[in-house]
Structures are given as C-alpha cells and as structure tokens.
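Summary of structural features
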There are 2 protein chains.
Amino acid sequence: MFPHRNEVFLMTQYVIDQMLEQVRESIRSQDQDVFRKLFLGWHENFQMQVIMQLYKHERMQLYDWLAANELAGVFQEMEYEDQFFTLKEMEAAQAAAVMNEVSADDAAAFIDKLPITARKESLLKAMDAKKADDVKEILSYPKETAGAIMTKEYLEIFSNQTIAEVMAFLRKTGQDVETIYYVYVVNEAGHLAGVVSLRDVIVHDNKTIIEEIMSTRVVYADDDLDQEDVAKIIQTYDLLAVPVVNKQKHLIGIVTVDDVMDVLEEEVTEDIGEISASKGSTDTNLSAFQAAKKRAPWIVLLMFLGLITANVIGRYEETLEAVVLLSVFIPLIMDSAGNTGTQSLAVVVRSLATGSYEKKGIAKMLRRELGTGFFMGLICAVVLVLTVSILYNHLLLAVIVAVSIFLTLSVAALIGAVLPLIINKLNIDPAVASGPFITTLNDIIGLFIYFTIATSFLEYL
Amino acid sequence: MFPHRNEVFLMTQYVIDQMLEQVRESIRSQDQDVFRKLFLGWHENFQMQVIMQLYKHERMQLYDWLAANELAGVFQEMEYEDQFFTLKEMEAAQAAAVMNEVSADDAAAFIDKLPITARKESLLKAMDAKKADDVKEILSYPKETAGAIMTKEYLEIFSNQTIAEVMAFLRKTGQDVETIYYVYVVNEAGHLAGVVSLRDVIVHDNKTIIEEIMSTRVVYADDDLDQEDVAKIIQTYDLLAVPVVNKQKHLIGIVTVDDVMDVLEEEVTEDIGEISASKGSTDTNLSAFQAAKKRAPWIVLLMFLGLITANVIGRYEETLEAVVLLSVFIPLIMDSAGNTGTQSLAVVVRSLATGSYEKKGIAKMLRRELGTGFFMGLICAVVLVLTVSILYNHLLLAVIVAVSIFLTLSVAALIGAVLPLIINKLNIDPAVASGPFITTLNDIIGLFIYFTIATSFLEYL
C-alpha cells in the first residue's frame, strides 16, 4: 500500500521545470515556430503541467499560438477547476471552438460540473449542434452508468466493405476518434453486428470483405449498466474498449480502457471511504475545516451510537460496582468484536467488487463467515483463559471473559458479513453498513454478552 | 461499492450452459470441424469456462482437436489451480508445446507458483530455449517490479525503416505479440529510441521513414520500478502499454494495460486488507478454518494490545470505584478516538495511492489532519456537553467528557495520519499501521486523557 516513489516522479518535476524555462524563452523571443515544435513534441499531460505553471499573460499568448484541437488535448488532461479557469481566460468563441474538439465524454463531464445552469446552456449553444447533441445525450443518462461515461468518437463501418475501404476510412478519420484499434460493424438498421480489431484489418489483404473476418460475438454493455460492471467486462475480456448499445440494440457509444481505469479508482475511493466512514472526505484538496465539516457528522452520529453502548454498561452499574475489575475488560471485548466485524466486512466488500460472491452464493459465504468467527472465537478463548488467569490470578473471571469472547466473535463475524449483504439487497445507501457502524453494533452485542454472563456469575466473583 | 449485478452476468451463465451443450453434442458425434468452427468463434474467457465444466474424458478429446496456440489462449484465462490440472492432464510433450505458445509473462507467473523446484526446471527444460530464457529473465526480477510483470512479446523496429516495411513486418508477426498497437524503435545499440503507434503508421503513407514520425519522448519504466508506479504511468499518460528498460536503457519488455488492471486490483485488495487487518484473507476460496487461521493471529495480537488498554483502566481502578458512572463513557471515548483515526488513515492511504501526497508535501498534509481533528473535536465537545448534561444531569461530568473528546480527537486524527507516513518512510512492513492498530493506539491515548482529567477532578465529582 505504501509505494516507493521513484525517479520517474522526481524526474518529472525536473523535466517540467526545464520545459517551463524553454517555453518562457520562446515567449520572450516571440517565436511561435520554436514554441510549437517544442511544445507539441511533449505528451499532453506534460503540456498541461507546463501551461498551469505559466503566468496568465504567458498563457494568453499560447491561446493565440495553439489551434483549438491542440488546446483541447491539453484541456482533457486538466482537473475541473483548471478547465474552468482556462476556458474563462479565453474569448467565448475560442472556448466554444476548443469544446468542439474535446471528446464528447470529457466535454459532458466538464459541463455536468458547471454550477450554473445558464452557463451550461450558453456553452452548449455556442458549440457545434452535432457535438452539443452528443454531450446532451451523455448527460441524459443517470450518473455512473455506461451511457454516462461513454464517448461518441468511435468508428462504424458496414459488413460489406472491403479492407481497402476500411483502411482508407481509418486514414481519413483515425486522428479524430478515441480509439482506432476497434472498428464496429453495424447493419442497415444501426444494430451492432460485429467488431474487427485493427490487428485483424492489418493482417488480412486488401480485397477481403469485413463480413468474412469480423467477430459476431461482440461483448457489449447496455446503456444503463453500472460503470463498475462496465469496468469488469473490460477487465474480464482484456478489451481496449467496449461498445455501448441502447434498448433497441443500436450502437450509441464506446467506453475505453483508460476511462475505466479512472472508474476503478473512483470506486476504490468509495469502498475505502465506506469501510472507514470517511466517504467523500479523502479528497486532499479540502481545507481542514471543509474536511472536518464532511467528517464530523459521521463521528457525531457514531458518538450517539456510542451513547447506546454507554447505556448498555449503565444497566449493569450494580454489577460493575460489585466488581470494578470487570470494567478492565471492556476495551478488550470491544476491540475484538469490532476488529472481527471489520475483517468480515472487508471480505464481503472485496467479494462484491471482484464478483466472486455471485459465483459462491450468499448462503455459502455466510456459513463460511460464521465458521470463521467460531474458529477464531475458539482460538482467542483458549489464549484468554491462560493469559487472564495468570495475569489476574482469577480463574472464574478468565472463563467469563473467554466465553464472552467466543460467543462475541462468532456473532461479530456473521454481522460483519450479513449487514452489507442485506443492505445491498434492500438498496439502501450502503454507507450505513460502513466499518464503524458494524464496529459499534458489535460493541453493543459484545458488551451485552459479557455483562449478562458476568452478572449471572456475580455471587461467585 | 455494492454494484447491481445485471443481465450481462446472469446471461453469461445461461450462454455458457448453451455452449456447453453444443460442445458436448459435437464430441458425442465426433465432429471436429463442427466443434472448431463453434468453439473458436468464442472469446477465450468463454472457451475457458466451457472447458472447465466438461468431464475429463471430454476435455481429453479437446486436447486432441485444438492446436497448441489455441490451447494456450484458453490456458491464459485460467486461474493457477485450473492451469495446473489442465497441464497435468496433457502428455508432457503437449504441455511443453502449449507453454511455448503462452505469453512469457503468463508462463512466468504460472511457473513461479509451481510448488516443486524440480517440476519448474523440467518444464522449463521441455520448452523452447528462447521462451525458457524469456521466462527465466522475468522470474529473475524481484516480485511486484516492472521486470517481474513485463512480457517479452513486443514489436521492435529500426528508425530507418519505411512504413511499408513496418506494415509488412506487422502483417507477419502481428498475431504473436501482446499488442500490435505500439511499435518500439531501437537504435543499433539496442537502446529505446522512440515509439510509433499503429495509428501513426496507418495515417502516413508507405514511403515515410519511421524516424520522421516517431515520438522520441517515450515514457518508459525502469525494470525495478514498483508495479504500482507502472500502473500509475499507464494511467497518467493513457497508454495501452509501457516499455520496460534495464540499467543500460536497453528495451527488454513491455507491460500492457490489461496486466496493469490486474495489478490495481491486487493493490486495492492489499490496501483494504491493511485498513481492516485482514491481509491475505479476503480470498473467498478459503475454507472457514483456513480463513480463521489467517485472520486469528491479527485478532489475538490486537487482543494483547487490548490488554494494554485494560492495564490503563486498571491503573485508575480507584477512580472508577469512587465514580462507577465514569466507566459508562469508556466506549464513547474509544469509539470516537478509533473512528477519527481510521478516517485519517483512509485519507492518507488514498493520497499515497493516488500520488496526491507528493504534490502537497507531508507537512501540509499533517497540519491539515491536525486541523481537521481540532475542528471535529470542537464540534463533538459542544454536542456532548449538551447531551451528557441533559441525559445524566451532571454538568461537571459532561465537561470532563467533552474536554476529553476534544483533546482525544485532535490527537487521534494526527496519529491516524502520521503513523502510516512514518512507517512508509522507515520501510517497515506497513501492516503494523493498519486500521485496528491505529484504533487501539488511539483507544489507549483517549482513555489515558479521559482518566487523567477525571482523576484530577475526582473530589468534585
């Protein structure tokens, strides 16, 4: 988890500083040719980093020296805030021209984030009608579905075309699409009928008809498919892109592997946020106060749940007054219950994410978790009987603690697994099944078991 | 986190059942042609699923009907256990022939997992000398580095070749390599000198010399680069593959985007395992007993840490005897301390994984976490003073609890952030910085703060 950052990343900053100096030099000497030759030889990501470190008046010069499609390439590498300020620095006409060259998915993602509806509309209006329609189509899909993350820049051919025709088509349009490596075949009705990879196109001779070499068993994604499942399809079948079809099975877009990598990253952040009750606050761009505002509600809510635990202990105040030593083991019971539940939660979250849970079935998985809790409880109970009876020289107390741990761990493992599954089935916001909630629930159950047993043996303690 | 599994996955099982029936029919009627036409039209992942559901005698028939390279395609889709049993079912000569067709990275991953050294060696000996050397080279790299996950099937050309020559080369060798979409340019000394994408090749005319169109600013990975950084490079620059070079800057292999997706999945499982102290046990193929054996050591270890917490409470037994009500708030202090620390841990883990921590710098990040803890502590303290004084009608107790929470949360947020960073710097196994450890540490600190304050006000309570 804690990677060694190495030279690649250190070097990058050094390289960028050098690039920055070269760009500034070309601006000072007002030499557009030198600038273009230099700048356009770099990866767009480097271009973006250089542009963001320039002063505004330098950037204005570059807006003049670069074409709309070149600026669009840089724009696509930026984060939303930088995109916003860059477009604001440009004339309205240039901003629209750049947006026309940005791929439909990136344009949609940007416009979706604009805070003011009027601004969205005026930008869409200034764009080409065709591009604006593409963007609107993408925006019309519910968030995190295939339709919402697809792009419209893909290649479509007919099955009766020859390799020579397709090659001519690729030469003409190859620079404008997201990927040139898959070409999709549609029939007259616009239905997705097959796919040929550029590899297939290359290795066959010019006169071959597409129909003879196309693969008709195309893996595709329905437009309303969850983005996590789109990622899973690309991963399972080692694809570079997956076609998206609507209800009528018309080809309407593609999702490429680089977009899917971003989806995976997003989903992981979500998963970890849920395990740790820090959803939406792992963003390091937030200030301390903003982060506190996002995280505090969870802590306060959990604190109130903690008051329920306090209430459980309060009910056994008499028991505690009689034997204060019992309170010493409160943390031990709580920690063990919480940790066991969190482990089970992690197992379930990973099985849901990797899909292994469909393969096994719920019942089998729950049986396994109960079994795991049982065995772990057994191991811990044996360790505790020995340790506590030696440390505190009190065999009955040791047995009470051990039996409580055994029962608690068996239940805690099951709760940690069953709660997220129930919530998944019920379609409730899964955040309420996050680690700390399960921990608190298990705390309550564990302390209840512990004090019930202790109270019933009180006269012998 | 809890995706809606949809038709794609349900359909898959249905489709596979149908495919299975068709394959069985072709075996019953002993019709190799029908079988091949049918079977080879499917994606290798489907082929694999069908093969694994056949009976052994049916599979033996298919080993006869399929060529080594076709079997290799299926082999590459299997998990290790299935690969092992499949090769065991084949004659030794056929097994070696299949291994020769498996890509070097997959062959290396399989051979690496074989439990007996003699078996590794005999398999390598039976393979082509060239392929065996490639596999041995990959195996010679430390695990989780670029060298260990790279493959040797890539395309290498010289900068003085023409597009026409390169196209002829691609037509000839295109089917045998991992990706045909990037062609790497090396100079006479074997140094990586540039890259052309197939897109570039396609759009330029036949007489163009590679040198004129190749990109000389190639993003590459050093052979000892951490696999997570390799993934980051591919993700940052939206690549389909990244070339790997050795110390002498010779091109020695490539890592493709599909392998990187698997790396990301592996790393996420590791991250979540560490946050939840369930490292290596989220594999749902384990039996309950096996899972318990993997998870119990963590729980037992944490239980011993819990005994330290018990010891902290034990030291204040007199305070507790005087005011038993104090024990009621033990869970609340523990929960809040633990949850706040876990949140900070999640933030740091995500920043390390996404690389945003390099950009911001450690000091800034720690200041932010301390600030976040401070604000959250303030909010919780205000809520608690009100709640506790109303519920328990005891203002001083409420103030003691509130002040304790305020101090505890400020410290807990910092500890949750600083511990993983220190451990990252010191190169210790980061598992000791996992969620439950941080929680336990924060529990101890929180209870120490609480009882110290409570004891000093004991006479007024």
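Not measured: the values here are computed from a predicted model.

Here the focus is the UniProt feature "domain: CBS" (unreviewed entry) in chain A. Per the UniProt record, "domain: CBS" (unreviewed entry) is annotated on residues 150-212 and 214-270 of chain A. Structurally, residues 214-270 of chain A is divided into 42% helix and 23% strand, and its ends, taken at the C-alpha atoms, are 39 Å apart.

Bringing the packing of aromatic side chains into the picture now. The full count for this structure, using the stated rule, is 29 aromatic pairs over all chains. The interplanar angle of 80° and the centroid separation of 5.4 Å between the aromatic rings of A:Phe75 and A:Phe110 together place this pair among those described as edge-to-face. Of this pair, A:Phe75 sits in helix H5 (residues 68-75) while A:Phe110 sits in helix H8 (residues 104-113), placing them 35 residues apart in sequence. Residue classification places A:Phe75 among the buried residues on the basis of a relative accessible area of 2%. Judged by relative accessible area, A:Phe110 falls into the buried class, the value being 2%. For the pair B:Phe374 and B:Phe406, a centre-to-centre distance of 5.4 Å together with 70° between the ring planes defines the contact as edge-to-face. Of this pair, B:Phe374 sits in helix H21 (residues 362-391) while B:Phe406 sits in helix H22 (residues 395-426), and the two are 32 residues apart along the sequence. Counting every residue linked through ring pairs, the aromatic cluster contains A:Phe75, A:Tyr80, A:Phe84, A:Phe85 and A:Phe110.

Residue and element names in this part refer to chain A. The sites that carry the UniProt feature "transmembrane region" (unreviewed entry) are, in the present numbering, residues 296-316, 370-392, 398-423 and 435-458. In the segment residues 296-316, helix accounts for 95% and strand for 0%; the C-alpha atoms at its two ends are 30 Å apart. Taken end to end, residues 370-392 is 100% helix and 0% strand, and its two terminal C-alpha atoms sit 31 Å from one another.

The subject of this paragraph is the pattern of salt bridges. Scanning the entire structure with this criterion turns up 26 salt bridges over all chains. Ionic pairing is found between B:Glu21 and B:Arg28, a salt bridge with its closest N-O pair at 3.2 Å. The class of B:Glu21 is partly exposed, set by a relative accessible area of 42%. One salt bridge in this structure joins B:Lys249 and B:Asp222, with 3.2 Å as the shortest N-O distance. Highlighted residues: B:Lys249 in the loop between strand E5 (241-245) and strand E6 (251-256) and B:Asp222 in strand E4 (residues 221-222), separated in sequence by 27 residues. Its relative accessible area of 16% is what places B:Asp222 among the buried residues. One network of salt bridges, with partners in common, ties together A:Glu21, A:Glu25 and A:Arg28.

Thresholds applied
- Counting of residues starts from 1 at the beginning of each chain's written sequence and follows it residue by residue.
- Working convention: letters from A go to chains and numbers from 1 go to ligands, in the order in which they are written.
- pLDDT decides what is reported in this predicted model: residues at 70 or higher carry local features, side-chain atom pairs at 80 or more are listed and counted, and totals for whole chains, interfaces and linings draw on all residues regardless.
- To get the side-chain values, take all heavy atoms of the structure and skip hydrogens and water.
- UniProt positions are given in the numbering used here, feature names are shortened, and annotations may be inferred rather than shown by experiment.
- Only DSSP runs of H or I covering at least 4 residues are called helices, and only runs of E covering at least 2 are called strands; the numbering of each starts at the N terminus.
- By convention, a stacked pair of Phe, Tyr or Trp rings (six-membered ring in the case of Trp) has centres within 6.5 Å and planes under 30 degrees apart, an edge-to-face pair has planes over 60 apart, and any other such pair is tilted.
- The buried label applies to any residue whose accessible area, calculated with a 1.4 Å probe on protein chains only, is under 20% of its type's maximum; exposed applies above 50%, and partly exposed to all values in between.
- Counted as salt bridges are all cases of a side-chain nitrogen of Lys or Arg within 4 Å of a carboxyl oxygen of Asp or Glu.

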